[in-house]
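Residue-level structure breakdown
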Amino acid sequence: MKKTRIIIALVLAIMMMTSVVLTACKPDPHVCTHVCPECGKCTNKECTDPICADKCAGHTAAHTCESKCPDCGGCLDFACTDPACATKCDCETGGLEYAEGTILRLAAGYQKTSHAISFQDSKTMEDAGAVNGVLTLADGKQYKLGDLKPTWVQISEDLGIVFEDKFTGAGSAAKEFDYWKDTGLQNVDIVAGSAEKLQEAGAAGSLINLAEYLQYMPNFYAYLQENPVVRLSVTADVTTGAIYMSPYFDGVDDIERFPLIRADMVVALLDGETAYAGANRAVNTSAYEPYITENYTIESLNADGTATQVITKDYTKAENIIAQMNKAENLTGDQAVAMFRAYIDAMYGDVYAKRSDLFLGYDAAWDADELVALLRCAVASLNDTDGKAIAGLFSRETSNQQREVDLFRFAGSLFGVRGMESRKDYLYFGSDGKLHSARSEEATWVALERMNALVQEGLIAINNGTVKSADYLAKDAGIVSYDYCQTQTVMNDTKLQEGEKYTAMMVPVAKWYDGSNANGVYMRFTESWRSVKTDGWAISKAGVSKADGTLDTDKLNAALTLIDFAFSVQGQITMSYGSDDFIKVKDASVEVETWEDVAKKYETFNFNGRQMPVVSDAMYAELQEIAAGNYTNYARFFLGSTLNGFPKSQAFEYQCTHVVGKEGAGKVSAAIGLGTIKHPVLGVAENMWYTSIPTSLPFTTAENQEINGYKNLSNNFKTSSGTVTNLMLLFIEDGYSVTLLTEEKADTPAAIAELVGTTWQDNLYLKVQQAAWERVLAYYETIK
């Protein structure tokens, strides 16, 4: 039986609409595929596109289709736009056929067994209210241990595929793949893995090459065409164009992490005309020096976020606030608050209706120095519930490296340094079009030196035992963090009291060197931009083969159909939201094939310019009850969605964001929409500085071995969970007294950059990455 048939006219329309954007300019709708190798002119006399008006005079060979259906003669290459291939295959052999009830064994989940496609964890079910092992969810249906979760029940029904859950919960995608590689890939059909693991296994012949089947996977193909960086990330071999993984997106083309702030504390410190009277401790001004001292202008939103305005920072109106504080003798908290208030009044005049709008408004235009001034005021003036001084900047979980790395990510945003929040290692593209590594650049260590100065002044909580963001919020013990908006601001309900607000705030103004001005430009830029993750799904060749070694077409076609479905419009909704029982449905009879169909089937709201489904009231209530409002946990624990092999929409998560979180995130979204926050793009931009780095590159076996040999890099720049070993974090905490640095006598930012680049061989590592990038880009130019 053939499933998810795509009307050929629709497929053609999709392919024509998804021309690849490789520069900032609008792409040509027609790409000639019939170019004379001698004169470079079009050889296809039937083509009437103006671009091909100048025909080759000496070579007029007609287009020869290399992908014809053996039954009907129609073209199987849905991407081909040649008039000779206008007739596409629309018979059964042109699609993916498999027997109804074909069984697929999936080792696809996220880290642990509670995040599988079926209910594997009895404790999770019990904690959610299961009675005698039976859990009733918001869809009104009952589930017991071993049952498929709602998402996969619906997919099974829609595609006619029976799923067996083989996920072991090994701890990571890489470990999950290693388990099946060691125990036998013949025992699983679809398996999760890291990009590196999957590319290596694919090159060894253990995985199905998806590129060989793209003509049968129009949704997957169209997605790759729409997002060039994604295609570049998943291309494993530039000779064959092999693709071995279906990539995962935890949201795509949207901001990921936000600066988060206790808005009520900011209001208490800055607003009003009555002199502030707080704890009045001494302000430590011993280490941090001004970051910005020159005048600048910054394009910002207006007060209601409907248009832009230009805000001027003129230091003839008021001296840099850090310089003022550093010169003051015996400065106390109350004095610092008064000084900061006076600075805001003098510097910004009538720009802000309230001083707190410098940080909290649509028109917020704060920079690193002003944030440090706020932290100094807060630490010297505010008490937590135990009567102790609060922390300034905190992470989700101190002493856990996976969470504390957000400190150096935030440093990049504060001080204008690329590569600190890269999608791949610490790499980014310079305006010269070349790859650069933040690890071995002096500017990185200058920024981290500034962060260490904040630690010296007691303004950052770092590596001080296991203290979580929930603790900081419940005890009023911190004011600023850098994290995900939904999962953190949900604690407005669970950890904060009435009148207290923890919300997202605007991205900071910093000086960035994007190549447009040799002296740098002041702007808001976030490197925290959602793109393809480093995990994905792959099809095990042994798993979908028969005992005699030949491919089992039922299994293979069912697996390909599942992946293609995940990239269809309906698939993206189902894989993100769960089954239709958790969504507000208007007309269940509508088949969703285009984004326009979504509003016909579901109740919708506008999310980033696209109509997306509204979650059901019962689901939203259940989310609060059994998952404390945490969308990600709810989706993975109970729905079986938000796993690691498809493009997840953030629309579901946004609806589950606390109203206070939405308030701040909405201001950031407006700034992105009106261009006052810049970000990387998922195409190859004209100015490469703005190009998002591919999350993986096609390395040769020798190159992989070389990269794996750079142990100082892999050991000293980890971002994984556990004890802190990352040099950047150690440097933020201890500065130049870090043992690794004292042993090497690296006592300046330049010396650390030299140590990492030369002694630890980051420069050689970078050459390997650059070579792989050049190869994949050259390959892509031939197929774009």
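Before reading on, note that the structure itself is shown above.
None of these values were measured; they are calculated from a predicted model. (Residues numbered from 1 in each chain as written. Predicted model: local features only at pLDDT ≥ 70, side-chain atom pairs only at ≥ 80, totals over all residues. Heavy atoms only, no water.)

1. Considerations on the overall build of the protein chain
Regarding its fold elements, the protein chain presents 30 helices and 24 strands. The 784 residues of the protein chain split such that 59% are buried. Approximately 30,300 Å² of the protein chain is accessible, and the part contributed by carbon and sulfur atoms is 48%. (Helix = DSSP H or I, 4+ residues; strand = E, 2+ residues; numbered from the N terminus. Buried < 20%, exposed > 50% of the residue type's maximum accessible area, 1.4 Å probe, protein only. Areas by Shrake-Rupley, 256 points an atom, 1.4 Å probe, with all protein chains shown as cover.)

2. Some remarks on the sheet that holds strand β24 (residues 677-678)
Strand order in the open sheet made by the three strands is β18-β19-β24, with mixed pairing throughout. One side of each edge strand has no neighbouring strand; the edge strands of this open sheet are β18 (509-512) and β24. Sheet topology note: the β18/strand β19 (residues 521-525) ladder contains four bridges and is antiparallel. Note that in β19 the partner of Lys511 across the bridge is Tyr522. (Pairing = 2+ DSSP bridges.)

3. Quick notes on the packing of aromatic side chains
Counted under the stated rule, the structure contains 33 aromatic pairs. Judged by centre distance (5.7 Å) and plane angle (70°), the rings of Tyr426 and Phe717 are edge-to-face. Placement of Tyr426 in the loop between α13 (401-415) and β14 (427-429) and of Phe717 in the loop between α26 (711-716) and α27 (727-734) is noted, with a sequence separation of 291 residues between them. When the ring of Phe605 is compared with that of Tyr654, the centres are 6.3 Å apart and the planes differ by 10°; the resulting orientation is stacked. Taken together, the residues Phe605 in strand β21 (residues 604-607) and Tyr654 in helix α23 (residues 651-655) connect sequence positions 49 residues apart. (Phe/Tyr/Trp six-rings, centres within 6.5 Å; stacked < 30°, edge-to-face > 60°.)

4. So, the environment of Gly241
As for its position among the elements, Gly241 is in the loop between β6 (235-237) and β7 (242-243). Discounting chain neighbours no more than four positions away, the residues touching Gly241 are Ala211, Thr235 and Tyr779. (Contact = heavy atoms within 4.5 Å.)

5. Quick look at the environment of Gly133
Examined against the element boundaries, Gly133 turns out to sit in the loop between α2 (122-127) and β2 (134-136). It is 8.3 Å that separates the C-alpha atoms of Gly133 and Tyr143, two residues lying ten residues apart in sequence.

6. Quick word on the sheet that holds strand β13 (residues 391-393)
Strand order in this open sheet of four strands is β13-β16-β10-β17, and the pairing throughout is mixed. At either margin of the open sheet sits one strand with a lone partner, and together these are β13 and β17 (502-504). Across this sheet, the average inter-strand angle for adjacent strands is 25°, counted without regard to direction. Alignment of β13 against strand β16 (residues 478-483), held across two bridges, turns out to be parallel. Across the sheet, the residue bridging to Leu393 is Val480, located in β16. Each of β10 (258-262) and β17 is contacted by helix α24 (residues 659-673), which is oriented at about 20° to β17, the strand it contacts most. (Axes fitted to C-alpha atoms, helices over the stretch in contact; angles between N-to-C directions.)

7. Considerations on helix α18 (residues 553-566)
The end-to-end C-alpha distance of α18 is 20 Å, a good match for the 20 Å that 14 residues give at a rise of 1.5 Å each. Within α18, twelve of the 14 residues are buried, which leaves the element mostly enclosed by the surrounding structure. For α18, the N-terminal cap is Asp552; the gap from its side-chain oxygen to the backbone nitrogen of Asp554 is 3.1 Å. (Expected span 1.5 Å × (residues − 1). Polar contact = N/O pair within 3.5 Å; in protein donor to acceptor, adjacent residues only side chain to side chain.)

8. Let's talk about the nonpolar core
The nonpolar side chains of a soluble globular protein tend to be buried with one another. Core analysis: the biggest nonpolar cluster contains 144 residues, and Phe340, Phe359, Trp366, Leu371, Leu374, Trp445 and Ile479 have the highest contact counts within it. In terms of residues, this core owes the most to one element, helix α12 (residues 368-381), which gives ten residues. Ignoring any residue separated from it by four or fewer positions in sequence, one finds Phe340 in contact with Leu270, Ile321, Met325, Leu358, Phe359, Glu370, Ala373, Leu374 and Cys377. If you look at the next biggest cluster of nonpolar residues, it comprises 58 residues, including Leu148, Phe163, Ala236 and Ile243. (Core = buried A, V, L, I, M, F, W, Y, C linked by side-chain atoms within 4.5 Å.)

9. Description of the side chain of Arg636
Checked against the element boundaries, Arg636 lands in helix α22 (residues 631-639). For Arg636, the side chain forms a polar contact with the side chain of Tyr248, separated by 3.4 Å. Not counting residues within four places of it along the chain, the set of residues in contact with Arg636 comprises Tyr110, Ser114, His115, Ala116, Lys149, Tyr248, Ser641, Thr642 and Leu643.

10. What about unusual backbone geometry?
Excluding glycine, a negative phi dihedral is what most residues carry, and trans is how most peptide bonds are arranged. Phi at Gln111 is positive, roughly 70°, even though this residue is not glycine. On the basis of relative accessibility, which here comes to 31%, the residue Gln111 falls in the partly exposed class. Notably, Ser399 is not glycine yet its phi reads approximately 75°, a positive angle. Within the fold, Ser399 resides in the loop between β13 and α13.

11. Looking at the pairing of β16
Within β16, six of the six residues are buried, which leaves the element mostly enclosed by the surrounding structure. Across four bridges, β10 lies against β16 in antiparallel orientation. Across the sheet, residue Ile261 finds its bridge partner in β16, namely Val480.

12. Side note on helix α25 (residues 701-708)
By the burial criterion, the buried members of α25 are Glu703, Asn704 and Ile707. Looking straight down α25, one finds that the buried residues subtend no more than 100° of arc, so they occupy a single side. Within α25, the exposed residues directed more than 90 degrees away from the buried face are Thr701, Ala702 and Gln705. In the core, the buried residues of α25 are packed alongside α5 (195-203) and α30 (762-783). (Arc of directions from axis to C-beta.)

13. Describing the packing of helix α14 (residues 442-456) against α27
Contact geometry of α14 with α27 gives a least axis separation of 6 Å together with a crossing angle of 40°. With respect to each other, α14 and α27 are oriented oblique. Counted together, Thr444, Trp445, Leu448, Glu449, Met451, Asn452 and Val455 of α14 and Leu727, Met728, Phe731, Ile732, Glu733 and Asp734 of α27 form the full contact between these two elements. Here the contact of α14 with α27 is built from residues that sort into eight nonpolar, two polar and three charged. (Parallel < 35°, antiparallel > 145°, perpendicular 65-115°, else oblique. Nonpolar A, V, L, I, M, F, W, Y, C, P; charged D, E, K, R; others polar.)

14. Some remarks on the packing of α13 against α27
The interhelical angle for the contact between α13 and α27, taken along N-to-C directions, is 65°, at an axis separation of 9 Å. What the angle tells us is that α13 and α27 run roughly perpendicular. In this structure, α13 crosses over α27, and the sense of that crossing is left-handed. Each of Gln401, Glu404, Val405, Leu407 and Phe408 in α13 lies in contact with α27, whose residues at this interface are Met728, Leu729 and Ile732. (Left-handed = near helix turned anticlockwise from the far one by under 90°.)

15. Points about the side chain of Arg418
Positionally, Arg418 belongs in the loop between α13 and β14. Arg418 sits in the buried class, given a relative accessible area of 7%. A polar contact of 2.8 Å, which involves the side chain of Arg418, links it to the side chain of Glu527. A distance of 2.5 Å separates the side chain of Arg418 from the backbone oxygen of Trp689, its partner in a polar contact.

16. Quick word on the pattern of salt bridges
The final tally for this structure, using the stated rule, is 31 salt bridges. In this structure, the salt-bridge partner of Arg396 is Asp483, at a minimum N-O distance of 2.7 Å. Highlighted residues: Arg396 in the loop between β13 and α13 and Asp483 in strand β16, separated in sequence by 87 residues. Using a relative accessible area of 1% as the deciding quantity, one classes Asp483 as buried. Sharing partners across several salt bridges, the network here consists of Arg257, Asp406, Arg409 and Glu421. (Salt bridge = Lys/Arg side-chain N within 4 Å of Asp/Glu carboxyl O.)

17. Quick notes on the pairing of strand β5 (residues 190-194)
With five of its five residues buried, β5 lies for the most part within the structure. With burial as the criterion, each face of β5 is covered, one bearing Ile190, Ala192 and Ser194 and the other bearing Val191 and Gly193. Looking at chain direction, strand β1 (residues 102-107) and β5 are connected through two bridges and run parallel. Counterpart to Ala107 in the pairing with β5 is Val191. Across five bridges, the pairing between β5 and strand β20 (residues 535-539) is antiparallel.

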